[in-house]
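# A structural walkthrough
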Amino acid sequence: MKTWVAACRNSNAPAKIVIPTGAFLVGPVVFQGPCKSSEPIVIEVQGTVKATTDVSDYSSPEWFSFEFVNGLVLTGKGTFDGQGPKVWHYNDCKTNPNCQHLASSLRFSNVNNAYVEGITSLNSKWFHFFIYESKNITLNNVKITAPAESPNTDGIHISASTSVNVTNTAIATGDDCIGIVQDCHNIYITNVTCGPGHGISVGSLGKWSYDKGVSNIVVRNCTLVNTTNGARIKTWGGTTSGEATGIIYENIVMKNVKNPIIIDQNYGRKNQVSPVISFKNQNRV
Ligand SMILES: *[C@@H]1O[C@H](CO)[C@@H](O)[C@H](O)[C@H]1NC(C)=O
Ligand SMILES: *[C@@H]1O[C@H](CO)[C@@H](O)[C@H](O)[C@H]1NC(C)=O
Ligand SMILES: *[C@@H]1O[C@H](CO)[C@@H](O)[C@H](O)[C@H]1NC(C)=O
Ligand SMILES: *[C@@H]1O[C@H](CO)[C@@H](O)[C@H](O)[C@H]1NC(C)=O
Ligand SMILES: *[C@@H]1O[C@H](CO)[C@@H](O)[C@H](O)[C@H]1NC(C)=O
C-alpha cells in the first residue's frame, strides 16, 4: 500500500511497482486514485500473490481493487491466486437469493486507459476480473484458470463499461468465460479460448429496472471446448427497457458445446412475458 501511495502521488516520472518473485500472502487491498502522473502506473507481477482465506477479512467483495485510476499497466508472468478452493463452500448463492458474494480477484472500477498483459489469475473466490464503470481497457495474453465445478468464478465480468478488448486469452472456469452485462458498449473479444465454462455471454440483462442496454459487442475468432454454452444472450422476463444491438459472433469454433447458440429471453423470471427482440443480419449470427 505504501508503494502504491508513493507511485500515485509521484508526478515527476513514470512510476513502476514490482511484486518480485516469491509467494506473498495478501489480504484485500484498494489501489485508489486519482493519481498525479500523466503517465500510467506500471505494476509488474513476477511472483505469486495468494489471497488470504478468512472470508471475514473481506468487508467488501474484492481482493485487488483498482478505483478512480487513469492510466494503468498490469503486466508480468506472475499469478494472482485467489485460493478459492478454501472458501467456495461458503457460496450458497444457488439456494440463497440474498447470498453474500465472495471476493472478486481483480476489480477495476472507474479505471480508464488500462492495459493488462501476461498475468495469470487462478482460482478466484468469485469473479476473476470484474470491470465496472471503466473505459478503454485491454486484456491481452492473460490466463484464467479455475475448475469446472467452481461456483461463480466468471473469467471476465464486464459491466457499465465502454471500449474493452480481450485478446489472445485462455479461460477455463466454472461460470461464464466472459459475461457482458448492462450498459456495455464497444466490446471486442478476439482469439479467446473458453472451456470448461458456461460460454461467452451477453447478459443477463434486464434483471433490475435500472439496467441499460448494450451495443457493439463483437466476438471473433474464438474457440470454445467442453462448455455448457457457446454464443449466449440471456435476458430476464419482465424486462421493461433496454436494447441489445450490434452483437456479432463470428468465426467461432465449438467442440463439445452443449448449447452452441442460445438466446434465452426468460432467464431468471421463467413465468414472465419477455420483451420483443428483433433480429437483423441473421446470416451473421
Ligand atoms: C487507451 O489506453 C491505452 C493504454 O492501454 C492508451 O495507450 C491509449 O492512448 C488509450 N486510448 C485512448 C483513445 O485514450
Ligand atoms: C479494440 O479493437 C477494436 C477492433 O480492432 C479497435 O477498433 C479498438 O480501438 C480497440 N479498443 C481498445 C480499447 O484497444
Ligand atoms: C491466440 O492466443 C493464444 C494464447 O491464448 C496464442 O498462443 C496464439 O498465438 C494466439 N493466436 C493468434 C493468431 O494471435
Ligand atoms: C480472424 O481469423 C481470420 C482467419 O480465420 C484472420 O484472417 C483474421 O485476421 C482474424 N481476425 C482477427 C481480428 O484476429
Ligand atoms: C474436453 O473434455 C474431454 C473429455 O472429458 C477431455 O479429454 C479434453 O481434455 C477436454 N478438453 C479441454 C480443452 O478441456
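Criteria and cut-off values
- Residues numbered from 1 in each chain as written.
- Chains lettered and ligands numbered in written order.
- Predicted model: local features only at pLDDT ≥ 70, side-chain atom pairs only at ≥ 80, totals over all residues.
- Heavy atoms only, no water.
- UniProt positions renumbered as here; feature names shortened; annotations may be inferred.
- Helix = DSSP H or I, 4+ residues; strand = E, 2+ residues; numbered from the N terminus.
- Buried < 20%, exposed > 50% of the residue type's maximum accessible area, 1.4 Å probe, protein only.
- Phe/Tyr/Trp six-rings, centres within 6.5 Å; stacked < 30°, edge-to-face > 60°.
- Lys NZ or Arg CZ within 6 Å of the ring centre and 35° of its normal.
- Disulfide = S-S within 2.5 Å.

### Structural notes on the UniProt feature "active site" (unreviewed entry) in the protein
In the numbering used here, UniProt assigns the "active site" (unreviewed entry) feature to His 198. Here His 198 is to be found in the loop between strand 16 (185-194) and strand 17 (200-205). Judged by its relative accessible area of 26%, His 198 is partly exposed.

### Things to note about the packing of aromatic side chains
What the rule picks out here adds up to 13 aromatic pairs. An angle of 80° between the planes, with centres 5.9 Å apart, marks the rings of Phe 31 and Phe 64 as edge-to-face. With Phe 31 in strand 3 (residues 29-32) and Phe 64 in strand 6 (residues 62-75), this pair connects stretches of sequence that are 33 residues apart. Per residue, the accessibility class of Phe 31 equals that of Phe 64, and both read buried. Ring centres of Phe 66 and Phe 108 lie 5.2 Å apart, and the angle between their planes is 25°; this geometry places the pair in the stacked category. Here Phe 66 is found in strand 6, whereas its partner Phe 108 is found in strand 8 (residues 104-117), with 42 residues between them in sequence. Classification of Phe 108 as buried rests on a relative accessible area of 1%. Pairwise contacts between aromatic rings join Trp 4, Phe 31, Trp 63, Phe 64, Phe 66, Phe 80 and Phe 108 into one cluster. Its end group placed over the ring of Phe 130, Arg 107 keeps NZ or CZ at 4.8 Å from the ring centre.

### Examining the state of the cysteines
Inspection of every chain in the model, using the stated rule, returns three disulfides. For Cys 93, the disulfide goes to Cys 99, at an S-S distance of 2.0 Å. For the disulfide bridge between Cys 93 and Cys 99, the dihedral angle about the S-S bond is near 100°, and by the sign convention the bridge is right-handed. This pair shows no difference in class: Cys 93 is buried, exactly as Cys 99 is.

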